[in-house]
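Letter by letter, the chains look like this.
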Amino acid sequence: MSATETILQMQGITKTFGPVKALTDVNMSVDRGEIHAICGENGAGKSTLMNVLSGVYPYGSYSGTIVFEGKECKYHTINDSEADGIVIIHQELALSPFLSIAENIFMGNERSAGGVIDWNATRVEADRLMKRVGLPEDPDTKIMDIGVGKQQLVEIAKALSKDVKLLILDEPTAALNDEDSAHLLHLVRQLRDEHGVSSIIITHKLNEVAAIADAVTIIRDGSTVGDMIISPETPFDQDELIRKMVGRELTNMYPDHDSKPGEELFRVKDWTVHHPLDASRVVMDHANFYVRSGEIVGLAGLMGAGRTEMAMSIFGHSYGSNISGEAFVKGKAVQMPNVQSAIDAGLAYATEDRKVFGLNLLQNIRENAALASLRKMSRHGVMDGNVERREVEEYRKDFNIKCRNIDVAVSTLSGGNQQKVVLAKWVISNPDILILDEPTRGIDVGAKYEIYEIIDHLADEGKAVIVISSELPELIGICDRIYTVSQGSITDDVPKKAFTQEYLMRGMTKEREVTAR
């Protein structure tokens, strides 16, 4: 077969949810053996389009035509699309944590004889598929006992068990570290090169688009606004892609900001944290740092360096055991043995996992945004609904949270807008010190820019902002100073004039304690 044979065509796809038009006349074409990226801002309609393709949204609930391998498709369920070889792996992994790897791989696709599951055949075939995706585990290992990176490989092995021809991956590396991300992308290439599997990848990571994609479809506000072919003759143009995604020029990925640091607002001295389950294991060792009012300070470290663990332990001892050291707010020693005492001391901590720890997905925007300020909004122990509604509505406008109203379920928002709700929740509590852990993880470049503007505004109000991020360009772009963290120690206090990725990486890979000035 020709390498340029078209395997998928989606023509004129339009999808509405009541009065809201999620997709309008979207067109996309994928060649056989191609890795095709779909890019766009959060809420642009990328996942909706893939749900239409895979039968999550059945035929008849949208208009337009889907042609796969030359045949018009009218999928009513996800089983219909899988029968044709189209398999989707959603961002929220659909694995059962209490079952084994082998059981998860063949769930709904059991290896059986006479209606009875053949466990020997299940394990043997699971082991074969696991070797194919590079997963060195026992097939009987429970999902709960392996990391997120390996869980992604289980999902791909599950797809391969269904004779996949077109693999759809929705933000496959959003929760992975660099090593696991590189392994996953290598596997996708391998499936293309050795087995002819076509792939569609939804991603916000533009470096991944450059590294792996053969073609790109760009979606903005529910419509296709462009496509790109990536080859040695037509190299990837990141600026052009961003311009099409956001509909405007982003001449600078980060807002211009004139910092005016004031007096020291927060200091941590000799902070030591032990693992919550193994008290002999030191996670953070005698950390010292400070941050001034109006200052944005970064924490840069590799996965496992101890940045998040330190932040959580400071914020009301939310992590760890045998915690020791001192914390000072405005020069005064404070004790923060629980979350409420940390809030009372003027701290806020926006967690890196907004869906698990940052938001209650069963509640609406108003209820989530008010969670950290229940005392502030109460009169004699009873919530004042007028105060709550007024405060949350004010920040909805200030933070440009895109929604019909503040009574909309937070689960219906895009990732970027959910992140803004998390920020609003803490800003409404009026803290002096904000710790923002991976504040832009999994959101698009346009929403990132808006988050950066919010961070700058908070600093301009005189608040001390601490940003934890795995993206060095992000820290370099928004911070006034950066502490490097390695193997549980703060190894350097880097001023803005010394910011380079190479210099920061040296601090992130060595072990040297620096005492805050």
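Here is what the cut-offs are and how they apply
Residues numbered from 1 in each chain as written. Predicted model: local features only at pLDDT ≥ 70, side-chain atom pairs only at ≥ 80, totals over all residues. Heavy atoms only, no water. Helix = DSSP H or I, 4+ residues; strand = E, 2+ residues; numbered from the N terminus. Expected span 1.5 Å × (residues − 1). Buried < 20%, exposed > 50% of the residue type's maximum accessible area, 1.4 Å probe, protein only. Arc of directions from axis to C-beta. Contact = heavy atoms within 4.5 Å. Pairing = 2+ DSSP bridges. Domains from an automatic or database assignment. Axes fitted to C-alpha atoms, helices over the stretch in contact; angles between N-to-C directions. Salt bridge = Lys/Arg side-chain N within 4 Å of Asp/Glu carboxyl O. Phe/Tyr/Trp six-rings, centres within 6.5 Å; stacked < 30°, edge-to-face > 60°. Parallel < 35°, antiparallel > 145°, perpendicular 65-115°, else oblique. Left-handed = near helix turned anticlockwise from the far one by under 90°. Nonpolar A, V, L, I, M, F, W, Y, C, P; charged D, E, K, R; others polar.

Looking now at helix α13 (residues 385-398). Taking 1.5 Å per residue, 14 residues should reach 20 Å; α13 reaches 20 Å between its end C-alpha atoms and fits that length. Taken residue by residue, α13 has Val 387, Glu 388, Glu 391, Val 392, Tyr 395 and Arg 396 as its buried positions. Each buried residue of α13 lies within a common arc of 160 degrees when the element is viewed along its axis, so the set occupies one face. Of the residues in α13, the exposed ones pointing more than 90 degrees away from the buried face are Asn 386, Arg 390 and Lys 397. Looking at the buried side of α13, the elements it contacts are α12 (365-369), β19 (378-379), β20 (382-383) and α14 (415-428). A positive backbone phi angle near 55 degrees is found at Asn 400, which sits one or two residues after α13.

Right, let's talk about the pairing of strand β23 (residues 481-486) for a bit. With six of six residues buried, β23 lies mostly within the body of the structure. Neither face of β23 is left uncovered, since the one carrying Arg 481, Tyr 483 and Val 485 and the one carrying Ile 482, Thr 484 and Ser 486 both have all their residues buried. When strand β15 (residues 296-301) meets β23, the two strands line up parallel, connected through five bridges. Pairing of Val 297 across the sheet is with Arg 481, part of β23. Between β23 and the antiparallel strand that follows it, strand β24 (residues 489-495), lie two residues; Gln 487 among them carries a positive phi value of about 50 degrees.

Annotation of the protein at the domain level lists domain 1 (6-246), domain 2 (262-346 + 431-512) and domain 3 (358-430). Taken over C-alpha atoms, the centre of domain 1 sits 35 Å from the centre of domain 2.

Before going further, it helps to spend a moment on the sheet that holds strand β5 (residues 71-72). In space, the four strands of this open sheet follow the order β2-β1-β4-β5, with antiparallel pairing throughout. Pairing within the sheet leaves two strands with one partner each, and these edge strands are β2 (20-31) and β5. Where strand β1 (residues 6-17) meets β2, eight bridges bridge the pair, whose relative direction is antiparallel. Counterpart to Thr 16 in the pairing with β2 is Lys 21. Here helix α1 (residues 46-54) sits on the sheet in contact with β1, β2 and β4 (62-68), set at roughly 115 degrees to β1.

Next up on the list: the environment of Trp 271. Structurally, Trp 271 can be placed in strand β13 (residues 264-274). Under the relative-accessibility criterion, Trp 271 is labelled buried at 5%.

By the definition in use, this model includes 24 salt bridges. For Arg 292, the salt bridge goes to Glu 295, with nearest N and O atoms at 2.9 Å. The salt bridge involving Arg 396 is made with Glu 393; its shortest N-O contact spans 2.8 Å. Taken as a pair, Arg 396 and Glu 393 lie in helix α13 at a separation of three residues, close to a single helical turn. The exposure class of Arg 396 is buried, given its relative accessible area of 18%.

Right, let's get into the packing of aromatic side chains. One pair of aromatic rings is described through two measures. These are the centre distance and the angle between the planes. Counted by the stated rule, this structure contains seven aromatic pairs. Aromatic pair Tyr 59 and Tyr 62: ring centres 6.2 Å apart, planes at 85 degrees, arrangement edge-to-face. Its relative accessible area of 32% is what places Tyr 59 among the partly exposed residues. Where Tyr 254 meets Tyr 452, the ring centres are 5.1 Å apart and the plane angle is 45 degrees; that geometry is what we call tilted. Of this pair, Tyr 254 sits in the loop between α8 (238-246) and β13 while Tyr 452 sits in helix α15 (residues 445-460), and the two are 198 residues apart along the sequence. Like Tyr 254, the residue Tyr 452 is buried in the burial classification.

This brings us to the packing of α13 against α14. Direction vectors running N to C along α13 and α14 enclose 130 degrees, while the axes themselves pass 10 Å from each other. For the element pair α13 / α14, the angle class is oblique. Between α13 and α14 lies a crossing of right-handed hand. In contact with Glu 391, Val 392 and Tyr 395 of α13, α14 contributes Ala 424, Val 427 and Ile 428. The residue inventory of the contact of α13 with α14, partitioned by class, reads five nonpolar, no polar and one charged.

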